[in-house]
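Summary of structural features
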Amino acid sequence: MASVKPVAVYTITNGFGKVDVKAANSRPFPRYGVPSETGLDGPEQILSSDVDATWEPDGTVRVKFDDQSDDHEPISVPGLLARAARDYPYRPALVSQPDADGNRAIITYRVYESQVRSVAKAFLHLGLERHHSVCILGFNAPQWFIADLAAIYAGGFAAGIYTTNSAEACQYCAQTSRANIIVVENNSQLKKILKIKGNLPKLKAIVQYEGIPKAKNVLSWNELLEIGRKQSDNQLNKVLKTIGVNECCTLVYTSGTTGNPKAVMLSHDNLLSDADATKMMLGLREAQEVIISFLPLSHSAAQCADVFLSIAVAATVHIADKNALKGSLLDTLLAVRPTIFFAVPRVWEKIHEKMQAALQNDGLVRSWIIGWARAQGSKTNTNRMKGIEPKSTTYRLAKWLVFGKLKASLGLDRCHSHISGAAPLSSDVKQYFMSFDIVIMDCYGMSECAGPHTITTSREFRLGSIGRTLPGFATKLDNMDDRGEGEICMNGRHVFMGYLNNPEKTNETKDQNSWLHSGDLGKMDADGFLYITGRIKELVITAGGENIPPVRIEDLVKEQCPAISNAMLVGDTRKYLTILIALKTQMDVETGAPLDAFSEKTLNWAQALGSSSTTVTEVLTTRDHVIEREISEAIDRANEKAISNAQRVQKFRILPHDFSIPTGELGPTLKLKRNEVLHKYADLIDDMYKE
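Residues numbered from 1 in each chain as written. Predicted model: local features only at pLDDT ≥ 70, side-chain atom pairs only at ≥ 80, totals over all residues. Heavy atoms only, no water.

1. Quick word on the sheet that holds strand β7 (residues 133-137)
The eight strands are arranged β11-β10-β9-β7-β8-β12-β13-β23 in an open sheet whose pairing can be described as mixed. The open sheet has two free edges, formed respectively by β11 (219-220) and β23 (498-499), since each of these has just one partner strand. Two elements, β7 and strand β9 (residues 179-184), share five bridges in a ladder whose sense is parallel. By the bridge assignment for β9, C135 is matched with I182. In this fold helix α8 (residues 268-282) packs onto β12 (248-253) and β13 (263-267), with an angle of close to 70° to the strand it touches most, β13. (Pairing = 2+ DSSP bridges. Helix = DSSP H or I, 4+ residues; strand = E, 2+ residues; numbered from the N terminus. Contact = heavy atoms within 4.5 Å. Axes fitted to C-alpha atoms, helices over the stretch in contact; angles between N-to-C directions.)

Below, the structure is given as structure tokens:
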């Protein structure tokens, strides 16, 4: 078969599945928004710009319209919230996590917008400068939402920081975003900021939103609100007039692949065009949807769903308690009964495990009924994939006897959109849920495209697919091979502006035609469904959706033990990180293959520890506890330097030989072939994840 020329075609998905194939030199977004003449018509204005990418804090980019999907007029974040407050003033917007007595505070959209304005005025009074940030460090709470939006109202950047970050990692985020204000949850998070405060010359205020601060010169949330209420609207209104939809309003920090995280610059239009496209694709209803917020709001997926999509449809967001991911989420599901439920794969796997455990003790008759019902569910939803809607009475009977009751027991009886994202979910788990008439919808995106780019729906899906492109956006496969696989690239108004103060990485990731290069390999079928087939960039994505650069952790482990030749991090779609260890051994001079005998350096190291082993085989057959303990302690030392708990290695295994070209783990340029190692040592890896 003749090879396919690189970038021979790209595929544009318009609306809900109409697929057009066009020549590569065509442009999907030919028309630009008209900029404001004065620059003082904000916040809905388009500011003047002649570029499609920027890394400057005060930079702007052009807004490009797709002529075939032009019903989303630009709107700012303040404009969107103000509209929701106007149209649905008494609709509950935020419902807090329960207090000690189990009571929840309810904030309506009118109060929501009012408090955002008050906090924005307080931020300005405290010294928030234009295009500087408010960093937010804490678990989901109404105050998190309000602080985030208030930073945007005041002309600054909202910048979330993961609660698991070390003090040093917090400092990096605060420094690069030029934080004037940092909002923390409690005393535990406050200690991190107080530790680095002296290294943040631009920092002007610290706010603690839970409890009463014990440290001096730290404001409580109530004090912040009081400051804001005392200010007139004049300064805030002046700032709002200068805001444009095509300037940065939010920074989302990536984990990076080898070095420090990058700050993804997202504009008002990036965020809200993505929310609008998601709303269209899912057919969401205004003032009717109910959402649970429990994933970290510093993650782009949670921000898209919980903050911006919820405002776009005037949804009610219930905030789960801090133990949601430790087991209390089911209680919240039962209490809230959401209409949309977005979770990472590990959450769906937990629910899957609970369902299996609950069904194990059923009697013979009930087990038969459930088995019969599952057969109806599998058949019906398999037919739906083919466009055939159910008409049989057996399916309706199964819904009445089994599916409805099961969904009610999970709190999913009102849920019409069960969504999984941030990492792949296995087809086995999806098929299990499908047999109970729960179709889990995959979505795919990244921080650099403000949220989802593709999604499946309960009526249009394929097992293994990440869905179709959202309406108005475009997908192409770059450098396709003869199997039709290429790098997944994205285009649309949701594609980020650039990486803050990082022109080199911006130009690497976003090309001259504004295509966002994902680093993921994929293919597309004739119906426009996209499939991920591999990953170009070296990035481990855990079951919890954590994006973890493996090279840094591998290097840290090797630094702690002189006998380690190679180390490979494992954790893609897994609950935690593990690592494979290869010891330094002698090498066959002629073939370059590793030998069993220790290298001189490893032998001296082992003898100094008191070990009698001289080969890798001896270590493995005798379970040399001296060597195993030393490697374990080396990993512990490396874990002390981890920037978050998610980046700590939990287990390890010693491999029977080192990596090499002859044994297949290394390529011609000595680059590690990760997929080969995963395949070769699959049994060893699976053993590390046995409960």
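On we go from here.
2. Remarks on the pairing of strand β19 (residues 451-455)
Consecutive residues of a regular strand have side chains that alternate between opposite faces of the sheet. Counting buried positions along β19 gives five out of five residues, so the element sits mostly inside the fold. As paired strands, strand β18 (residues 440-446) and β19 are joined by four bridges and run antiparallel to one another. Note on β19: the bridge partner recorded for C443 is I455. Remark: four residues form the turn of the hairpin made by β18 and β19, two consecutive strands paired antiparallel; A450 in that turn has positive phi of roughly 65°. Of the strand pairs in this sheet, β19 and strand β20 (residues 468-469) are connected by two bridges, and their pairing is antiparallel. (Buried < 20%, exposed > 50% of the residue type's maximum accessible area, 1.4 Å probe, protein only.)

3. Observations concerning the side chain of D269
You can see D269 is positioned in helix α8. Using a relative accessible area of 4% as the deciding quantity, one classes D269 as buried. Setting aside its immediate chain neighbours within four residues, D269 contacts V63, H72, P74, V245 and R493.

4. A word on the sheet that holds strand β29 (residues 577-583)
Pairing in this open sheet of three strands is mixed, and the strands run β28-β29-β32 from one edge to the other. Unpaired on one side and paired on the other, β28 (564-570) and β32 (649-654) mark the two borders of the sheet. Between one strand axis and the next, the sheet turns by 25° as a mean value, whatever way the strands run. Inspection of the sheet shows β28 paired to β29 by six bridges, in the antiparallel sense. Of the residues in β29, the one forming a bridge with M568 is L580. Those strands touched by helix α16 (residues 550-560) are β28, β29 and β32, and its axis lies near 145° from that of β28.

5. Brief notes about α16
Residues P550, I553, E554, L556, V557 and Q560 constitute the buried set of α16. The arc that holds the buried residues of α16, viewed along the axis, is 160°, so those residues lie on one side. (Arc of directions from axis to C-beta.)

6. Regarding the environment of L672
Turning to its location among the elements, L672 is positioned in the loop between β32 and α20 (674-680). Since its relative accessible area comes to 17%, L672 is described here as buried. Between the alpha carbons of L672 and N566 there is a distance of 9.5 Å; along the sequence they are 106 residues apart.

7. Digging into the side chain of S118
Mapped onto the elements of the fold, S118 is located in helix α2 (residues 109-126). On the basis of relative accessible area, S118 is assigned to the buried category, the value being 10%. Ignoring anything within four residues of it in the chain, the contact list for S118 reads L225, G228 and R229.

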